[in-house]
Amino acid sequence: AEKKITTKYPLNVFNYHNGRCYVAASPLLGATGEEGEFLTPLSDKLIDNGTYKSVVIISSGIGGTPLARWQIDGDLNEMLINTLSGIKNYKVTEIIWHQGETDFGISLNTKMYEKSFNSLKESLIDIGVAAPYFIAVATKCGNNPYWKPINPVTIAQNKLADQKKVFLAVNTDDLLTKDDRRSDLCHFSENGQYKVAEAYAEAILSYHNTR
């Protein structure tokens, strides 16, 4: 994303990586990319709205990846399992899942997207991670003439949100305007980063308020 952000709560918002905690700041350790992201401002907002007093981010986002790489037997599933299995002092409380643009680009069908996502869920349950998922409808990237708001991937993403363990936090395809994206009309501008962070924070707060 466009803006590199450092937490405004350096004593409360951390980025966990390889057994150590660092003050959260873009680019987050553990993820690809050298620019901005929305997890740091999301964490700040979770403190602002009273959901948490402190937040530890474990970032494993890999840009431009299809969901198949995150399912059981996928190379990134192995990476994620190894990352989460190595955590000794923390319990995962929320899983933020923002992905789908690549799968739209390769014309993945609804059933295969659902199957891969459920495989990912099963793999984390197997290692004791049963936290709720906060997901996005996210398929729009660039100026693709074949893109439509309702497509096989968005249908799958909406179906997966069962309101029990998987919650739809934001529809970035719908929420973000041209000004909320960078010049590539895909990645987030600074406005987009904060909009998406706010949406996820509201969804997580709502979840906590109903429990």
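Predicted model, so just to flag it, every value in this text is computed and none were measured. (Residues numbered from 1 in each chain as written. Predicted model: local features only at pLDDT ≥ 70, side-chain atom pairs only at ≥ 80, totals over all residues. Heavy atoms only, no water.)

(A) A look at helix H7 (residues 190-209). Here H7 is 20 residues long and its end C-alpha atoms lie 29 Å apart, about the 28 Å a rise of 1.5 Å per residue gives. For H7, the full list of buried residues reads Gly192, Gln193, Val196, Ala197, Ala199, Tyr200, Ala201, Ala203, Ile204 and Tyr207. Taken together, the buried residues of H7 touch helix H1 (39-48), strand E4 (95-97), strand E5 (133-137), strand E6 (166-171) and helix H6 (172-175). (Helix = DSSP H or I, 4+ residues; strand = E, 2+ residues; numbered from the N terminus. Expected span 1.5 Å × (residues − 1). Buried < 20%, exposed > 50% of the residue type's maximum accessible area, 1.4 Å probe, protein only. Contact = heavy atoms within 4.5 Å.)

(B) View of the sheet that holds E5. If you trace the 3 strands from one edge of the open sheet to the other, you get E4-E5-E6, paired in parallel fashion. What marks the edges here is a single partner per strand, and that holds for E4 and E6. Within this sheet the neighbouring strands show an average axis-to-axis angle of 25°, counted without direction. Where E4 meets E5, 3 bridges bridge the pair, whose relative direction is parallel. From the neighbouring strand, tryptophan 97 faces E5, where its bridge partner is isoleucine 135. Packed onto the sheet, helix H4 (residues 110-126) meets E4, E5 and E6 and runs at close to 160° relative to E5. (Pairing = 2+ DSSP bridges. Axes fitted to C-alpha atoms, helices over the stretch in contact; angles between N-to-C directions.)

(C) Molecular detail of the side chain of threonine 172. Mapped onto the elements, threonine 172 comes out in helix H6. Excluding anything up to four places from it in sequence, threonine 172 contacts His98, Val137, Ala138, Arg181, Phe188 and Val196.

(D) Structural context of helix H5 (residues 152-160). Listed as buried for H5 are Val153, Thr154, Ala156, Gln157 and Leu160. Around the axis of H5, the buried residues are gathered within 160° of arc, so they sit on the same side. Where H5 is buried, its residues touch helix H3 (101-105), H4, E5, E6 and H6. Its side-chain oxygen 3.0 Å from the backbone nitrogen of valine 153, asparagine 151 forms the N-cap of H5. (Arc of directions from axis to C-beta. Polar contact = N/O pair within 3.5 Å; in protein donor to acceptor, adjacent residues only side chain to side chain.)

(E) Here's a closer look at the environment of valine 23. Here valine 23 is to be found in strand E2 (residues 20-23). In sequence terms valine 23 and valine 13 are 10 residues apart; their C-alpha atoms lie 6.3 Å from each other. Residues in contact with valine 23, not counting those within four places in the same chain, are Thr6, Thr7, Pro10, Val13 and Phe14.

(F) Quick peek at the nonpolar core. Formed by 27 residues in total, the largest nonpolar core has its most connected members in Phe38, Leu42, Ile57, Phe134 and Tyr200. Among the secondary structure elements, those contributing two or more residues to this core are H1, strand E3 (55-57), E5, E6 and H7. Take this core: its biggest share by element is 8 residues, from H7. Sequence-distant contacts of phenylalanine 134, defined by excluding residues within four places in its chain, comprise Glu94, Ile95, Ile96, Trp97, Phe167, Ala169, Tyr200, Ala203, Ile204 and Tyr207. If you look at the next biggest cluster of nonpolar residues, it comprises 25 residues, including Leu76, Trp97, Tyr113 and Leu124. (Core = buried A, V, L, I, M, F, W, Y, C linked by side-chain atoms within 4.5 Å.)

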